[in-house]
Structure formats: C-alpha cells, structure tokens
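# An overview of the molecular structure
This is what each chain is made of:
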Amino acid sequence: KLRVRSLFTGNVQDLTYHSNDKLEEASITLHEMQYLYAEGDHYVFMDNSTFEQIPMSKDVLGDRRYYLKEGTPVNVVMLEDKPIDITVPKVVEMKVLRTEASLKGATVTAQLKGAVTDTGLTVGVPAFIKEGDIIKVDTRTGNYLERSAGKG
C-alpha cells in the first residue's frame, strides 16, 4: 500500500500494488534557466539552451519567489516537460526598501529589526542597515548574511 501525492495537482490518494506489478519510471530532467519577469500569479523563466519561455505558478514556487530578481539563474526540475520545482542560488543580493526604526539603548545582545526588500521579503537585519542598502541573504534560511559593498 502506498500513499502518493500528485506533483501536478497536490492531490493525495492511496494505492495498492502487488509484488508482480510493474511501474513506469518518471522522466525527470534538470534545466538551467533564468528568471525573466512576473505576470499576475505566474513567474516566467527562460531555458538557457533553447530560449523557450516557461511560466510557473506562485503556488509551485512558494516562498522561493521572494529570492527571484530579473536575471536570477535557477535550476528547474521538469517532470514530463512540466516544471515542478526550482533551486535558487544559495545567496542573493537584495535592496532594502523599508526598515523599522532602530531601538535606542542597545543591549549586550545584537538586536535585529525588520527590513522589507525589493522582492517583498521581510528579513531581520542589524540596526546599522538603512533604506537603500544592498544586503546578502541566505536563501536556505532566509537570514541576513552581510551588507554588500554595492549601493542601490
């Protein structure tokens, strides 16, 4: 007995197989692509080898959509020519659009304040980060890493 989830619809169902049953192997491929732009609830990627443009829904991308900026290189996992997953770079640079006010009277422990980036991601940053700064964010954890040398 198996409980399986469809990668296309997300529906879960219980299946029963016997020891002599045969299953087809899924055709999964990995494609190097580049993020182009968002259009409504879809994000458009371009295959680097064929220049074909492929839309992905924000439901498939989940929170990884907050790490996408125009030109971001990604690896897209395709199942039978349909995108089912992406891998974003481990570190991305983002511009800080808004930050909370710094708290006066700093304590011994480092205090983080909220910052909203140009992609809509909210990140905890040190008090010295201000609007307009470019920061590096770890996409695996969503945590602030450092202020980038470049200015926005």
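Keep in mind it's a predicted model, so treat the numbers as computed, not measured. (Residues numbered from 1 in each chain as written. Predicted model: local features only at pLDDT ≥ 70, side-chain atom pairs only at ≥ 80, totals over all residues. Heavy atoms only, no water.)

Counting its regular elements, the protein chain contains one helix and twelve strands. Seen in sequence order, the protein chain has helices and strands lined up from the N terminus as β-β-β-β-β-α-β-β-β-β-β-β-β. Overall size of the protein chain, expressed as C-alpha extent along the three principal axes, is 70 × 40 × 25 Å. Accessible surface for the protein chain amounts to roughly 10400 Å². Of this, 50% is attributable to carbon and sulfur atoms. Seen as two clouds, the 19 positive and the 22 negative side-chain charges of the protein chain have centres 9 Å apart. (Helix = DSSP H or I, 4+ residues; strand = E, 2+ residues; numbered from the N terminus. Areas by Shrake-Rupley, 256 points an atom, 1.4 Å probe, with all protein chains shown as cover. Lys, Arg positive; Asp, Glu negative; His and termini not counted. Charge placed at Lys NZ, Arg CZ, Asp CG, Glu CD.)

Following the sequence through the fold, Thr72 ends up in the loop between α1 (58–61) and β6 (73–79). When its relative accessible area of 10% is taken as the criterion, Thr72 is described as buried. Polar side-chain contacts of Thr72 include one of 2.6 Å to the backbone oxygen of Lys69. Each residue touching Thr72, except ones within four places of it in the same chain, is listed here: Met33, Gln34, Tyr35, Tyr67 and Pro89. (Buried < 20%, exposed > 50% of the residue type's maximum accessible area, 1.4 Å probe, protein only. Polar contact = N/O pair within 3.5 Å; in protein donor to acceptor, adjacent residues only side chain to side chain. Contact = heavy atoms within 4.5 Å.)

Here we come to the nonpolar core. Phe45, Leu68, Ile86 and Val137 are the most contacted members of the largest nonpolar core, which totals 25 residues. Elements that contribute at least two residues to this core include exactly β3 (28–39), β4 (42–47), β5 (53–57), β6, β8 (91–99), β10 (122–126) and β11 (133–138). In this structure, Phe45 is in contact with Met33, Gln34, Tyr35, Leu36, Glu52, Gln53, Ile54, Met56, Leu61, Leu68, Val74 and Ile86, ignoring residues within four places of it in sequence. (Core = buried A, V, L, I, M, F, W, Y, C linked by side-chain atoms within 4.5 Å.)

There is a patch of like negative charges on the surface, built from Glu24, Glu52, Glu80 and Asp81. By secondary structure assignment, the location of Glu52 is in the loop between β4 and β5. (Patch = residues over 30% accessible without salt bridge, like charges linked within 9 Å, V, L, I, M, F, W, Y side chains within 5 Å. Salt bridge = Lys/Arg side-chain N within 4 Å of Asp/Glu carboxyl O.)

Across the protein chain, the average pLDDT comes to 88, with 92% of residues at 70 or higher. Taking the mean pLDDT of every element in the protein chain, the minimum, 82, falls on strand β12 (residues 143–151) and the maximum, 95, on β4. (pLDDT = per-residue confidence, 0-100.)

Attention now moves to the packing of aromatic side chains. Summed over all chains, the structure comprises two aromatic pairs. Geometrically, the ring pair formed by Tyr35 and Tyr43 is tilted, given 6.0 Å between the ring centres and 35° between the ring planes. Judged by relative accessible area, which is 7%, Tyr35 ranks as buried. Tyr43 sits in the buried class, given a relative accessible area of 13%. Three or more aromatic residues joined by ring pairs make a cluster, and in this case those are Tyr35, Tyr43 and Phe45. (Phe/Tyr/Trp six-rings, centres within 6.5 Å; stacked < 30°, edge-to-face > 60°.)

What follows covers the pairing of β3. Pairing analysis gives seven bridges linking β3 to β6, with the strands arranged antiparallel. Across the sheet, the residue bridging to Gln34 is Pro73, located in β6. Sheet topology places β3 next to β4; six bridges connect them, and they run antiparallel. Paired with Gln34 across the two strands is Met46, which belongs to β4. The antiparallel pairing of β3 with β4 creates a hairpin that spans two residues between the two strands, and Gly40 there sits at a positive phi of about 65°. (Pairing = 2+ DSSP bridges.)

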